[in-house]
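Close look at the chain arrangement
The primary structure of each chain is shown beneath.
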Amino acid sequence: MELSSVLLTTGSSVGFFRLVNTGFRNLPTPESARRNAWKWRNISASFVHSGITAIWAVLCFFLHPQMAEDLIETHSVFSHALVSFSIGYFIYDFLDMVMNQKLSQSWELLFHHVVVITCFGLSVLSCRYVGFAVVALLVEINSVFLHLRQMLRMAGNAVGTLYRVNSIVNLGTYVVFRINTLAWMTRWLVLNRDNVPLLAYTLGSVGMAIMTAMNIVLFCRLLRSDFLKSSTRETKKEKEM
């Protein structure tokens, strides 16, 4: 893709998610989520991005399997467009949070978005490491269930079979597609140290370290919130009986 195509795809993505946000504004909002309607729309747009990107990333490797053998140089227009599309989403989400949320509440995600936009931006502009970026986007498979969890909680459905099943799938996909994927990417970066320029290697290493730390913290929070607390409550009920 040429620079003009990258800018068009990225800009169109920003506009698309802006329209998605507006669409959710016009749809009925669950009563329990109305006290923070902005967050409901923001998470809903993130859910849409996760669903689209998860399918798109898998298709990239299915339609162009040779990209898995060379994550540096080999890529397709389809995969290049995916990374450009995701840059647009992260730009949209960054601006949405800056305009609607306090910095003290969003600085972690804002920092995450800056790292992703920088890494993905260098990838699409140089047409290198596109395959590596697509591997990174496989984490969106987990994000589908992560965002659905947030939406269920905001809608007041944090109990019942649907929430419980989603919690289990969320934790399972978290380990497989988020923690394991980041571990594999870190290992790949170390093994290919001689093939990666110092700047890209440094940026990638720092990015991986930050993402890994953030994901471990979030995993512990999910585990404590959805499983350990419920187990504690059940134990207390048994003692009371």
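In the block above lies the structure referred to throughout.
The sections below set out a description of the structure shown in this document. (Residues numbered from 1 in each chain as written. Predicted model: local features only at pLDDT ≥ 70, side-chain atom pairs only at ≥ 80, totals over all residues. Heavy atoms only, no water.)

**Description of the pattern of salt bridges**
Oppositely charged side chains may form a pair once their charged atoms are brought near each other. For the record, the criterion: Here, a salt bridge means any Lys or Arg side-chain nitrogen found within 4 Å of an Asp or Glu carboxyl oxygen. Helix numbering and strand numbering both begin at the N terminus, where a helix is a DSSP run of H or I of at least 4 residues and a strand a DSSP run of E of at least 2. For each residue, the accessible area found with a 1.4 Å probe, counting protein chains only, is set against the maximum for its type, and the residue is called buried under 20%, exposed over 50%, and partly exposed in between.
A full pass over the atoms with the stated rule returns 3 salt bridges. With a closest N to O distance of 3.8 Å, Asp226 and Arg153 form a salt bridge. One end of the pair, Asp226, is in helix α8 (residues 198–240); the other, Arg153, is in helix α6 (residues 140–154), with 73 residues separating them in the sequence. Judged by relative accessible area, which is 39%, Arg153 ranks as partly exposed.

**Observations concerning the nonpolar core**
Filter applied, for reference: What makes a nonpolar core is a set of buried Ala, Val, Leu, Ile, Met, Phe, Trp, Tyr and Cys residues whose side-chain atoms join them at distances within 4.5 Å. The contact criterion used is simple: two residues touch if any of their non-hydrogen atoms lie within 4.5 Å.
With 44 residues, the main nonpolar core has Phe61, Leu82, Val83, Phe120, Val134, Met185 and Trp188 as its most contacted residues. The set of elements that each furnish at least two residues to this core consists of α1 (3–26), α2 (37–63), α3 (77–100), α4 (103–126), α5 (130–136), α6, α7 (161–191) and α8. Here this core gets 8 residues from one element, more than from any other, and that element is α3. Residues contacting Phe120, with those up to four places away along its chain left out, are Val83, Ser86, Ile87, Phe90, Ala133, Ala136 and Leu137. Listed in part, the 6 residues of the second largest apolar core include Leu146, Leu171, Tyr174 and Phe227.

**Concerning α4**
For clarity, the cut-off: The span expected for a helix works out to 1.5 Å for each residue beyond the first. By definition, a residue's bend is the angle between the axes fitted to the seven residues ending there and the seven starting there.
If you check α4, its first and last C-alpha atoms are 32 Å apart, about what 24 residues at 1.5 Å a residue would give, namely 34 Å. Of all bends in α4, the biggest is about 30°, found at Leu109. Along α4, the positions that sit buried rather than exposed are Ser106, Leu110, His112, His113, Val115, Val116, Phe120, Gly121, Ser123 and Val124. Phi turns positive, to about 60°, at Cys127, one or two residues after α4.

**Regarding the packing of α6 against α7**
For any two helices packed against each other, one specifies the crossing angle of their axes together with the interaxial distance. Quick note on the threshold: To define axes, lines are fitted to C-alpha atoms, for helices over the stretch in contact only, and angles between the resulting N-to-C directions are given on a 0 to 180 degree scale. Here roughly perpendicular refers to angles of 65 to 115 degrees, roughly parallel to angles under 35, roughly antiparallel to angles over 145, and oblique to all remaining angles. Left-handed is the label given to a crossing in which the near helix is rotated counterclockwise from the far helix by less than a right angle, and right-handed is the label when the rotation is clockwise. Under the scheme applied here, ten amino acids are nonpolar (Ala, Val, Leu, Ile, Met, Phe, Trp, Tyr, Cys and Pro), four are charged (Asp, Glu, Lys and Arg), and all others, including Gly, are polar.
One way to put it is that α6 packs onto α7 with a least axis distance of 8 Å and a crossing angle of 150°. Put simply, α6 runs roughly antiparallel to α7. Two packed elements cross with a definite hand, and for α6 against α7 that hand is left-handed. Contacts from Ile141, Asn142, Ser143, Phe145, Leu146, Leu148, Arg149, Leu152 and Arg153 of α6 reach α7 at Leu162, Tyr163, Asn166, Val169, Asn170, Thr173, Tyr174, Phe177 and Arg178. For the contact of α6 with α7, the class distribution of residues is 10 nonpolar, 5 polar and 3 charged.

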